[in-house]
2 protein chains.
Amino acid sequence: MTEAIPPGTRLVNLPSPFPFKRGGELKGARMAYETWGQLNAARDNAVLILTGLSPNAHAASHAGNPEPGWWEAMLGPGKAIDTDRWFVVCVNSLGSCKGSTGAASVDPLTGAPYRLSFPELSIEDGARAAHAVVQSLGIAQLACVIGNSMGGMTALAYLLLHPGAARTHINVSGSAQALPFSIAIRSLQREAIRLDPQWNGGDYDDAHYPENGMRIARKLGVVTYRSAMEWDGRFGRVKLDSEMRGDEDLFGQEFEIERYLEAHAQRFVRSFDPNCYLYLGRSMDLFDVAEYGGGDAIKGLAGIQVERAMAIGVHTDILFPLQQQEQIADGLRAGGADSQFVALPSPQGHDAFLVDIARFGPAIAGFLAR
Amino acid sequence: MTEAIPPGTRLVNLPSPFPFKRGGELKGARMAYETWGQLNAARDNAVLILTGLSPNAHAASHAGNPEPGWWEAMLGPGKAIDTDRWFVVCVNSLGSCKGSTGAASVDPLTGAPYRLSFPELSIEDGARAAHAVVQSLGIAQLACVIGNSMGGMTALAYLLLHPGAARTHINVSGSAQALPFSIAIRSLQREAIRLDPQWNGGDYDDAHYPENGMRIARKLGVVTYRSAMEWDGRFGRVKLDSEMRGDEDLFGQEFEIERYLEAHAQRFVRSFDPNCYLYLGRSMDLFDVAEYGGGDAIKGLAGIQVERAMAIGVHTDILFPLQQQEQIADGLRAGGADSQFVALPSPQGHDAFLVDIARFGPAIAGFLAR
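Residues numbered from 1 in each chain as written. Chains lettered and ligands numbered in written order. Predicted model: local features only at pLDDT ≥ 70, side-chain atom pairs only at ≥ 80, totals over all residues. Heavy atoms only, no water.

So what's going on with the sheet that holds strand E5 (residues 46-50) of chain A? Residues and values would help.
All names here are of chain A. If you trace the eight strands from one edge of the open sheet to the other, you get E1-E4-E8-E5-E11-E12-E13-E14, paired in mixed fashion. Only two strands of the sheet have a single partner each, and these edge strands are strand E1 (10-13) and strand E14 (338-344). On average, adjacent strands in this sheet sit at an angle of 20° to one another, irrespective of strand direction. In this sheet, strand E4 (residues 30-36) lies alongside E1 in antiparallel orientation, the contact comprising four bridges. Looking at E4, one finds that Leu11 is bridged to Ala32. This element, helix H2 (residues 150-161), spans E5, strand E11 (142-148) and strand E12 (166-172) of the sheet and lies at about 140° to E11. Contacting E12, strand E13 (308-314) and E14, helix H10 (residues 322-334) crosses the sheet at an angle of about 170° to E14. (Pairing = 2+ DSSP bridges. Helix = DSSP H or I, 4+ residues; strand = E, 2+ residues; numbered from the N terminus. Axes fitted to C-alpha atoms, helices over the stretch in contact; angles between N-to-C directions. Contact = heavy atoms within 4.5 Å.)

How would you summarise the nonpolar core if you had to cite specific residues and measurements?
Of all hydrophobic cores here, the largest spans 184 residues; its most connected members are Leu48(A), Trp231(A), Leu48(B) and Trp231(B). Shared between two domains, this core takes at least three residues from each, and those domains are domain 1 (10-177 + 292-369) and domain 2 (183-276) of chain A. (Core = buried A, V, L, I, M, F, W, Y, C linked by side-chain atoms within 4.5 Å. Buried < 20%, exposed > 50% of the residue type's maximum accessible area, 1.4 Å probe, protein only. Domains from an automatic or database assignment.)

Before we move on, could you go through the side chain of Asn275(A) and cite the residues and values that matter?
Structurally, Asn275(A) is set in helix H8 (residues 274-286). When sequence neighbours within four positions are dropped, the list of residues in contact with Asn275(A) reads Ala103(A), Arg115(A), Leu116(A), Trp199(A), Gly202(A) and Tyr204(A).

Report on the relation of the copies chain A and chain B, specifying residues and quantitative values.
Overlaying chain A on chain B yields an RMSD of 0.0 Å, the required transformation being a rotation through 180° with an accompanying axial translation of 0.0 Å. What the rotation and shift describe, once combined, is the action of a two-fold rotation axis. Comparing contact sets, 100% of the residues at the interface of chain A also lie at the interface in chain B, consistent with an isologous, same-surface contact. (Least-squares fit on C-alpha atoms with pLDDT ≥ 70 in both.)

Before we move on, can you summarise the pairing of E5(A) with the specific residues and values?
The side chains of a regular strand alternate, first on one face of the sheet and then on the other. Residue and element names in this part refer to chain A. Counting buried residues in E5 gives five out of five residues, a clear majority hidden from the surface. The side-chain alternation of E5 yields two buried faces, one formed by Ala46, Leu48 and Leu50 and the other by Val47 and Ile49. Pairing of E5 with strand E8 (residues 87-91), which is carried by five bridges, proceeds in the parallel orientation. Each residue of the ladder has a partner; that of Leu48, found in E8, is Val89. The sheet contact formed by E5 and E11 spans four bridges and is parallel. Note on E11: the bridge partner recorded for Leu50 is Gly147.

Right under this line is the structure:
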């Protein structure tokens with residue numbers, strides 16, 4: 001598939017070669033990023049946003065691209081992440097397919113896409129690549145690093161690998177280590193893709209594409225990104241009108257919830273590269289801050305040095321459950337940070353940080369305003 | 001696939017034709033069942049067990065089949081469901097593939113398996129078929145009908161369709177209506193099977209079998225049958241020994257939780273018919289007691305007349321969440337029953353009734369002893 005890089009996205013070359021934690025290296029790799037606001041003269045007002053698995057670097061609209069971004073309501077002049085005050089950088093994750101180098105990118109050594117010759121990706125590799133972007137902008141220390149979901153893992157790795165790289169940290173619905181429920185979900189997503197005959201060991205093209213595997217993977221993702229509580233109120237048992245149902249199909253869509261999942265799948269399956277999905281998902285499974293604490297996640301977290309921190313999440317998150325944000329807050333406090341744990345009653349599950357701006361916005365704004 | 005009927009299973013013919021709620025009918029259909037204990041002279045000590053989606057009628061060992069059954073620890077002389085006192089009947093669900101007629105059975109009119117020519121199955125059809133088994137045994141009124149999971153739905157339908165058919169009722173991890181999270185999970189399971197090219201519109205055989213689709217469906221089932229809490233303690237982040245891992249496979253099994261899911265899938269995929277899985281799952285989605293209460297589930301439940309009832313479940317069940325058992329208890333109480341709601345702290349999720357006998361056993365024994 002072709003890489004879809006939003007207009008206005010900037011690119012920066014990574015050091016070449018760029019070695020990976022688990023072996024292998026990239027040559028001629030690059031990172032995609034976007035920025036908002038102005039870096040001040042002291043270069044001390046920079047905020048880095050590290051994303052979840054699938055977003056690109058276009059977190060919000062700007063002069064170079066007026067299209068709304070994936071965190072449009074959170075980021076901009078006068079918003080919770082106020083671009084009148086902060087110089088904000090958002091990177092597309094290393095290993096993704098939205099401009100940064102990943103398995104779908106062309107390997108300059110062969111002229112062909114990496115596919116499964118891409119080295120095994122770790123969250124730490126993504127953190128080092130994001131740090132290289134920040135360095136390229138002449139920023140010695142971030143005012144804050146904000147990481148959402150997978151980006152919450154990347155942010156912890158960023159702070160562990162680069163002591164003093166940020167004064168403060170906001171961890172949004174993140175975790176310090178993958179637990180078995182989330183590993184099981186991601187393992188199933190990978191299996192659905194890999195069992196699709198069109199995946200073909202990673203060697204597919206637009207005409208022969210593992211659409212069915214991606215469809216199952218995405219729907220399973222959506223099931224775990226939202227919450228049963230939200231769906232009870234939003235969909236209940238509402239059925240589709242008979243003309244939408246396709247009555248000739250005994251096991252076709254019957255309920256609104258089925259159409260909702262299908263719509264999510266159709267938007268996603270051709271817009272994200274399947275091999276990149278495999279690499280990024282696996283990197284989350286493998287991440288464990290306990291490696292930095294002699295097997296103890298709290299000790300690992302306590303090795304992080306920031307002045308202030310906030311770990312925030314919601315009660316209805318089944319993928320990154322709330323106790324994982326509490327663990328992060330506890331661990332950063334053990335490391336000496338002024339650390340707060342914020343539990344929100346959002347019904348929208350793991351995705352709440354994307355949609356429940358009424359709750360997440362004030363919490364993030366309040367932290368940044370201090 | 002061939003039907004696997006445990007030895008010692010008895011068969012009884014259903015009335016022929018046997019019409020279905022949503023249209024269509026079966027001719028020459030039969031039900032498989034097993035019994036334990038003795039029916040007393042008054043014929044008032046019979047207990048009916050209605051199962052979840054996949055079990056056969058072999059709930060426990062007996063003289064005709066000494067193999068342990070799926071509820072072995074719960075059922076037998078001196079156990080919670082005491083066969084020294086009760087005459088216990090367990091039926092294989094209509095539409096299943098363990099002796100009762102289902103999509104994998106041979107249609108006597110054509111001499112070939114029904115496959116997708118089997119009529120659309122409703123929970124109510126299964127309830128009427130189970131009632132026919134009970135009638136064939138000369139039992140006018142059950143002492144108790146016990147329904148687990150899907151069987152909890154079937155039990156409610158049984159009581160709605162056959163007033164006075166039981167004096168008491170135990171609803172175990174059941175629900176009065178499918179809610180969107182569980183519909184979404186089952187819809188995904190069906191989609192995984194139907195997208196498998198070997199499913200072939202329901203026309204498969206042992207040599208061309210939708211094993212990959214069934215593998216995904218079963219693993220997704222197991223993910224929702226257990227709980228994240230249980231897995232945190234049981235598996236954590238334990239990895240497989242390198243010799244089990246298959247290091248040549250970049251995205252193969254790495255964690256114990258992945259091996260656990262694989263073992264579950266391997267035991268299941270060839271032992272349950274894929275088409276039957278589709279029919280039974282869909283029947284659960286469609287079930288809604290509110291149809292019997294003018295759109296109100298509580299009013300529908302209040303139409304059920306039993307002397308005593310207990311709805312029991314666990315805090316960690318994400319597929320049939322605890323509030324659904326509370327709703328059943330409330331509705332039966334509104335109908336005049338002496339009705340209790342029992343919430344257990346089992347960590348094992350929806351499957352707890354199968355494995356946490358230490359908690360479920362005393363609750364069920366106590367109810368039956370009154």
